[in-house]
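Survey of secondary and tertiary structure
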Amino acid sequence: MTCGDARAEHIGSTVVLNGWVHRRRDLGGLIFIDLRDRYGMTQVVFNPQEKPELFAQAEKLRSEFVISVTGLVRERPEGAHNANIATGDVEVAVNELEILNTCKTPPIQVADNSSVDESLRLKFRFLDLRRSRMQENLILRHKMAKATRDFLDKEGFLEIETPMLVSATPEGARDFLVPSRLSPGKFYALPQSPQIFKQILMVSGFDKYFQIARCFRDEDLRADRQPEFTQIDMEMSFVSRDDVLGVSERLMQYVFKTVMNIDIPVPFHRMSWEESMNRFGNDKPDTRFGMEIIDVTEHVKNTEFQAFNDAIGSGGAVRGIVLPGCAGYSRKQLDELTEFAKKAGAKGILSAALKEDGEFKSVLSKYLSPEQIAELKTAFGAKDGDLLAIMAGEAMFISAILGKLRLEMGKRLNLIDKGKFNFLYVVDFPMYKYNEEEKRLETEHHPFTSPKPEDMHLLETEPLKVKADAYDMVLNGNEVASGSIRIHSRDLQKRVFNAIGISDEEAEEKFGFLLNTFEYGAPPHGGIAPGLDRIAAIAAGEETIRDVIAFPKNTGGDCLMTGAPIAVESDQLKILKLKVEG
RNA sequence: GGAGGCGUGGUCUAGCGGUUUAGGACGUCGGCCUGUCACGCCGAAGAUCGCGGGUUCGAAUCCCGUCGCCCCCGCCA
């Protein structure tokens, strides 16, 4: 029996319970121990009148001792039932006690859920993982992975493993390199994703593939980014975009229903990248609250306000958001808004308070006629009591800043309903973006993504106008999956590589094996890869994916428990024919 | 690479230029307690206020540097 099982139906039976001492309540003449394992908690009782010889031993028990008790399940006395725990109607009167192991005073208290410095939690992760919050998180994660396998199996997907020792790729994130002993001076890379292998599996005829795959990227860490993370990697042949989106939204629906009994409506809303950028200022809109970006360019075309005219004259826009109920903001609060915008890269922000008494308090009142002000209010859909935050400039630039302001104010004004799970798809991403530093084009998604058929003719002439058949799944303002319809024609793949400066020779050298497969009957295919860590973290209500990963790295990339990464013996380097500089 | 925040007994924190002999809670240790369940009551131990330097009559408190951690931008096909 586990510590979570005991019920009234077991009264009268003798059981053995193994677990950790969660809490001890020593009443002097009576000792209660809450005995804990991952299934739950059971109160066990030591009574000196019933078992005097055990009592002395029981007095030595301390937090987190590992014990085994044998005893009789009995009903608790009248009035001593505990409705807070599942086993609260009964207790175990101990007849035998074995202390299997003692425990030093733990640096983290397991029994309470008080906050503890994360470094300490990571250093003593084995204790942190005993706490109910982390136990629940890892159980939730397991259930999500299990539901994923069940669903995809039912849908006819095959789970196929791909190598962890792969080739480095020229595009994308920095690779983690693994030196080869058998080929001195050469390196494997850990996979950034199983991308190429899953595409080749399509060519091989495994038309529905998935893998709960570990991926590695050597980039800076964040609350939602670890150097190794887990994707539900999926790929399908003979599919259109909507087939892929359909399967993955049903996967999410199934997982949330099965694991948490939460109903997620499908189909998810599909929003174009352009619409998302315009309405929310980013490509992962948080639709749990309004306060959307509104374009008022058309309504302020004929004002005397220089900043508007300059922006509009140079092809820019005037846009803003409505901060509900913020008309009473003090000078200091308004300065904070400006400061926030400046930190985000803006020159400034223009505010206009719609006072309750009808006053339009803003520098704009000097330059706009009463009719123009009225038109502006209508365009924003603002009420008295609201505050307008307005910016003028290049449309995408100001939208990005307004988008950040929107998120910040959404938090500050408490507009976000934490109980919501708002899924949507963002589709029709641009194929390329311009890299200012390297003065060249790069792919927005990855170079195996197919352009939308109707834009193919622009690949060489106006590449920045080409839309890709790429899509992201967004949950509560987080990118939780990304995918695309892939290229399966050697000629098209070559054109896409050329646009980002990968020559035919380099393409042949780095991706020749993939290009070759395209000449041996590659079917049209596409896929998507939901991020298990992020989805689990959001489902668990956690702020960071570290809280749904058993042994994560800190933001410096260190494992505080094992000390990794560490220096290695020079012998190890010698075998690999490596030298460390400095 | 850049911006910001935090660092006080084992843990979480209060104090933010003098009222501090650095306060509280949890934990730990000792005593009392036979129906507790965040048990209760009494008592005790436990802190070079991350580290180094400076300003000052006086620094946990202000300044500079440094280390550690967190968050954000860049980066993350």
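The following paragraphs examine the structure supplied in this document.

Parameters and conventions
Every chain is numbered independently, its residues counted from 1 as its sequence is written. Both sets of labels track the order of writing: A upward for chains, 1 upward for ligands. Where totals are concerned, whole chains, interfaces and linings use all residues; where local detail is concerned, this predicted model gives features only for residues with pLDDT of at least 70, and gives and counts side-chain atom pairs only at 80 or more. Values shown for side chains rest on all heavy atoms present in the structure; no hydrogens or waters enter the calculation. Runs of H or I in DSSP of at least four residues are treated as helices and runs of E of at least two as strands, each being numbered from the N terminus. To sort residues, take the accessible area from a 1.4 Å probe on protein chains only and compare it with the maximum for the residue type: under 20% means buried, over 50% means exposed, and anything in between is partly exposed. Contacts are assigned to residue pairs with any non-hydrogen atoms lying within 4.5 Å of each other. Accessible surface is estimated by sampling points in the Shrake-Rupley manner with a 1.4 Å probe; for residues, cover comes only from the protein chains shown. Counted as salt bridges are all cases of a side-chain nitrogen of Lys or Arg within 4 Å of a carboxyl oxygen of Asp or Glu. The nearness test applies per residue and asks whether one of its heavy atoms lies within 4 Å of the molecule or strand. A 3.5 Å cut-off defines polar contacts: any pair of N or O atoms within that distance qualifies, except that in protein one atom must be a possible hydrogen donor and the other a possible acceptor, and neighbouring residues in sequence count only when both atoms are side-chain atoms. Throughout, the ten residues Ala, Val, Leu, Ile, Met, Phe, Trp, Tyr, Cys and Pro are labelled nonpolar, Asp, Glu, Lys and Arg are labelled charged, and all others, Gly among them, are labelled polar. Pairing between strands requires that DSSP locate at least two bridges from one strand to the other. Planes of paired rings set the category: under 30 degrees apart is stacked, over 60 is edge-to-face and the rest tilted, where pairs are Phe, Tyr or Trp rings (Trp by its six-membered ring) whose centres lie within 6.5 Å. Any Lys NZ or Arg CZ found within 6 Å of a ring centre and within 35 degrees of that ring's normal is scored as a charge over the ring. Orientation is described by lines fitted to C-alpha atoms, with helices fitted over the stretch in contact, and by angles between N-to-C directions that extend from 0 to 180 degrees.

Let's shift gears to the overall build of chain A. A tally of helices and strands in chain A yields 15 helices and 22 strands. Its C-alpha atoms give chain A principal-axis dimensions of roughly 95 × 75 × 55 Å. The burial tally for chain A puts 47% of its 582 residues in the buried class. A separation threshold of at least 6 residues defines the contact pool for chain A, and within that pool the share at least 24 residues apart is 68%. Within the structure as shown, chain A displays about 28,800 Å² of accessible surface, and the carbon and sulfur contribution to it stands at 50%.

Attention shifts here to the pattern of salt bridges. One pass over the full model with this rule turns up 45 salt bridges. Arg 130 is the salt-bridge partner of Glu 64, the closest N and O atoms lying 2.8 Å from each other. Taken together, the residues span a long stretch of sequence, with Glu 64 in the loop between α1 (52-58) and β4 (66-75) and Arg 130 in the loop between α3 (125-128) and α4 (132-154) at a distance of 66 residues. The residue Arg 440 makes a salt bridge to Glu 171 at a minimum N-O spacing of 3.5 Å. Of this pair, Arg 440 sits in strand β19 (residues 440-443) while Glu 171 sits in the loop between β6 (158-159) and β7 (177-179), placing them 269 residues apart in sequence. A relative accessible area of 26% means that Arg 440 is categorised as partly exposed. Using a relative accessible area of 15% as the deciding quantity, one classes Glu 171 as buried. Salt bridges sharing common partners tie together Asp 112, Arg 121, Arg 125, Asp 128, Arg 131, Arg 133, Glu 542 and Asp 547.

Taken together, the neighbourhood of RNA strand B is formed by 50 residues, with Gln 49, Ala 80, Glu 91, His 445 and Thr 555 sitting nearest. The contact atoms of RNA strand B, taken as those within 4 Å of the protein, divide so that sugar and phosphate hold 53%. Here a sugar or linking oxygen of RNA strand B sits 2.6 Å away from a polar atom, N or O, in the side chain of Gln 109. Listed by contribution, the elements that provide at least two residues to the surface near RNA strand B are β1 (14-26), β2 (31-37) and α2 (118-123). For the surface near RNA strand B, the per-class residue count stands at 11 nonpolar, 20 polar and 19 charged.

A separate point is the pairing of strand β10 (residues 228-237). Counting buried residues along β10, nine of its 10 residues qualify, which places the element largely inside the surrounding structure. Sheet analysis places strand β9 (residues 208-216) next to β10, joined by nine bridges and oriented antiparallel. Pairing of Tyr 209 across the sheet is with Glu 235, part of β10.

Another point: helix α5 (residues 195-203). Here α5 lies mainly inside the structure; seven of its nine residues are buried. Every buried residue of α5 is accounted for by Gln 195, Ile 196, Lys 198, Gln 199, Leu 201, Met 202 and Val 203. The inward-facing, buried residues of α5 abut β9, β10, α13 (504-518) and β22 (525-530). Backbone geometry just downstream of α5 places Gly 205 in the positive-phi region, at approximately 95°.

To continue, consider the packing of aromatic side chains. According to the stated counting rule, one finds 11 aromatic pairs in the structure shown. Ring geometry for Phe 256 and Phe 421: centres 5.2 Å apart, planes at 65°, overall edge-to-face. With Phe 256 in helix α6 (residues 241-260) and Phe 421 in the loop between α11 (395-412) and β17 (423-427), this residue pair connects regions lying 165 residues apart in the sequence. Plain terms: the ring middles of Phe 448 and Phe 497 are 6.3 Å apart, the flat faces sit at 85° to each other, and that makes the pair edge-to-face. One end of the pair, Phe 448, is in the loop between β19 and β20 (470-475); the other, Phe 497, is in helix α12 (residues 490-499), with 49 residues separating them in the sequence. Since its relative accessible area comes to 5%, Phe 448 is described here as buried. The ring of Phe 289 has Arg 406 lying over it, and the distance from NZ or CZ to the ring centre is 4.0 Å.

In sheet architecture, strand pairing relies on hydrogen bonds along the backbone and comes in two forms, parallel and antiparallel. The sheet built from five strands is open, its strands ordered β12-β13-β16-β14-β15 with antiparallel pairing. Edge positions in the sheet fall to β12 (294-295) and β15 (360-361), since each has one partner strand and no second. Inspection of the sheet shows strand β13 (residues 317-323) paired to strand β16 (residues 387-393) by seven bridges, in the antiparallel sense. Looking at β16, one finds that Val 318 is bridged to Ala 392. With respect to the sheet, α11 is in contact with β13 and β16, its orientation differing from that of β13 by roughly 5°.

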